[in-house]
Amino acid sequence: MILNLNTWLALLAQEAPDELKRVTRAVNPAKFESAAIVDALEREGKFPAVLFESVTDVKGRATKCRILSNTFGTFRKIGLALGVNSGERMELLELMLEKSSHTFTPEKIPAQDSPLRSFIYKGDDVDLSRLPLVRHTELDGGPYFTPVVVSRNLQGRYNVSWNRMQYLDEKHLAIYMSPRHLWTYFAAHESQEKDLPIAVVLGHHPAFHLTGAMLVPLDVDEFAATGGVMGHGVRLIPSETWGNNFWIPADAEIVLEGRILARRRCVEGPFGEFTGYTGPQRLSWVVEIDAVYGRATPTIIDIFPCKTEHINAHLPIEASIYSRAKQAVPGIVKTCWVGSGGPFNLIISLSKKTEGEPMRAAMAAMSASNFIKHVIVVDTDIDPEDKTEVMWALASRVQADQDVTI
């Protein structure tokens, strides 16, 4: 079966109907209206996916688009995206590792066989203000997309990454890039005075989006890695702008083709970060959009950046941390990074066999992620997912001058 966002929504409605809520009245996401509903639900301890079926564009006009929020609000929804009816975090970590160990060669199909051709705007017809973008927090520098960005390096390897993008005007977006693969690709192009072509995927099957958080080795093409997570080769079509020189996910909801401009910078932000704090304005990069096309009624996946679903969507990173640490110390039984009080903490449950294992486990984990500031290693009688148990162990079993290493 071809996996797309609609097949996942149908599966969610069938297997976990309480995990999907629909809002049929018109909402204006650029005026916080979609974010306010998700925020109110979280304050009540509720994390359903919310499908906004009638949304307006940046200027308040009606659109044919829908917005899906809280896609990754619970592990149950992530499990259904990975093909299992489970919300057990460690089971999903193991499954993510198993899936990421496989690759599938993408399937290239003719452009006319893709549902992405219901509308096409190119050149002077491009107008990003006709799309719905979301303001999440009151200090945000503007409305944002929270998409998956597809890029290709000079050697032909494709990268898939999550990157926030702020609306600037009808043809331009600001993009923030951490110093990882996409940033590296752009730096290589800019050194040759070249713009970097990208495809901005605003919606796809959630398994495709999860690939954006995977720590994939540089020698693995991320379209092939995405196929491993989805369980079949990703269907691709030639791009509108660059033809067979750049391939696009055929089963996406809506795609923006553009270029990260060499030698151009802009002010981006402030932005409500995953920490729950507002991040500062930054000098970031400018994207010029050359083409917009999509399904007849496309659904845009929006990630609330400073809420639970953003942290949950980092589950593939935790899988990589868990794998790296367990390779160093096989006695590791469990980790808790997502849900540990923020991705700066990691809690490890270890069946200790010899002296020195806790330190080796902690150092191996920290080498896998630049997020981690603190590591707590507990015995197997303590559940690392239970913060009360962890704090009891910390209070009753730790003497700081003997047991804390800085």
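Residue numbering note: each chain is counted from 1, following its sequence as written. Local features are withheld for residues below a pLDDT of 70 in this predicted model, meaning they are given only at 70 or higher, and side-chain atom pairs are given and counted only at 80 or more; totals for whole chains, interfaces and linings count all residues. Side-chain metrics rest on all non-hydrogen atoms present in the structure, leaving aside hydrogens and water.

Chemist: Even after reading the chapter, I still don't get the pairing of strand E10 (residues 172–175), so can you show me in this structure?
Modeler: Exposed residues in this analysis have more than 50% of their type's maximum accessible area, buried residues have under 20%, and partly exposed residues fall in between, with area computed by a 1.4 Å probe over protein chains only. Note on conventions: DSSP H or I runs of at least 4 residues are helices, E runs of at least 2 residues are strands, and numbering of each starts at the N terminus. Residues His172 and Ala174 point to one face of E10 and Leu173 and Ile175 to the other, with burial holding for every one of them. The sheet contact formed by strand E9 (residues 165–169) and E10 spans four bridges and is antiparallel. Along E10, the bridge assignment pairs Gln166 with Ala174. Pairing between two strands is assigned when DSSP locates at least 2 bridges connecting them. Here E9 folds back onto E10 in antiparallel fashion, the turn holding two residues. Across four bridges, the pairing between E10 and strand E17 (residues 282–294) is antiparallel.

Chemist: Would you mind showing me how to read the environment of Ser320 here?
Modeler: Within the element layout of this structure, Ser320 appears in helix H9 (residues 315–328). Expressed as a C-alpha distance, the spacing of Ser320 and Asp386, which sit 66 residues apart in the sequence, is 21 Å. We call two residues in contact whenever any of their non-hydrogen atoms come within 4.5 Å of each other. In this view, Ser320 contacts Leu97 and Leu215; residues no more than four positions away in its chain are not counted.

Chemist: Would you mind showing me how to read the packing of helix H4 (residues 89–100) against H9 here?
Modeler: The packing of two helices is summarised by the inter-axis angle and the distance between the axes. At a minimum axis separation of 9 Å, H4 and H9 run at an interaxial angle of 80°. By the criterion of interaxial angle, the relationship of H4 to H9 is roughly perpendicular. Counted together, Arg89, Met90, Leu92, Leu93, Glu94, Met96 and Leu97 of H4 and Leu315, Pro316, Glu318, Ala319, Ser320, Tyr322 and Ser323 of H9 form the full contact between these two elements. By the convention adopted, Pro, Cys, Tyr, Trp, Phe, Met, Ile, Leu, Val and Ala count as nonpolar, Lys, Arg, Asp and Glu as charged, and the other residues, Gly among them, as polar. Of the residues in the contact of H4 with H9, the class split is nine nonpolar, two polar and three charged. Comment: axis = line fitted to C-alpha atoms, over the contacting stretch for helices; angle = value between 0 and 180 degrees taken between N-to-C directions. Working definition: roughly parallel below 35 degrees, roughly antiparallel above 145 degrees, roughly perpendicular at 65 to 115 degrees, and oblique for all remaining angles.

Chemist: Teacher, can you tell me more about the pattern of salt bridges here?
Modeler: Between side chains of opposite charge, pairing is possible as soon as their charged atoms come close. We count a salt bridge whenever a side-chain nitrogen from Lys or Arg sits within 4 Å of a carboxyl oxygen from Asp or Glu. Using the criterion set out here, one finds 28 salt bridges in the structure. Close ionic contact of Glu222 with Arg157 constitutes a salt bridge, the shortest N to O distance being 3.2 Å. With a gap of 65 residues between them, Glu222 in helix H7 (residues 222–230) and Arg157 in the loop between strand E7 (148–152) and strand E8 (158–162) connect regions that are remote in the sequence. Using a relative accessible area of 2% as the deciding quantity, one classes Glu222 as buried. When the shortest N-O distance is used, the salt bridge between Arg235 and Asp251 registers 2.8 Å. Here the residue Arg235 occupies a position in strand E12 (residues 235–239), and Asp251 occupies one in the loop between strand E13 (243–249) and strand E14 (254–268), the gap between them amounting to 16 residues.

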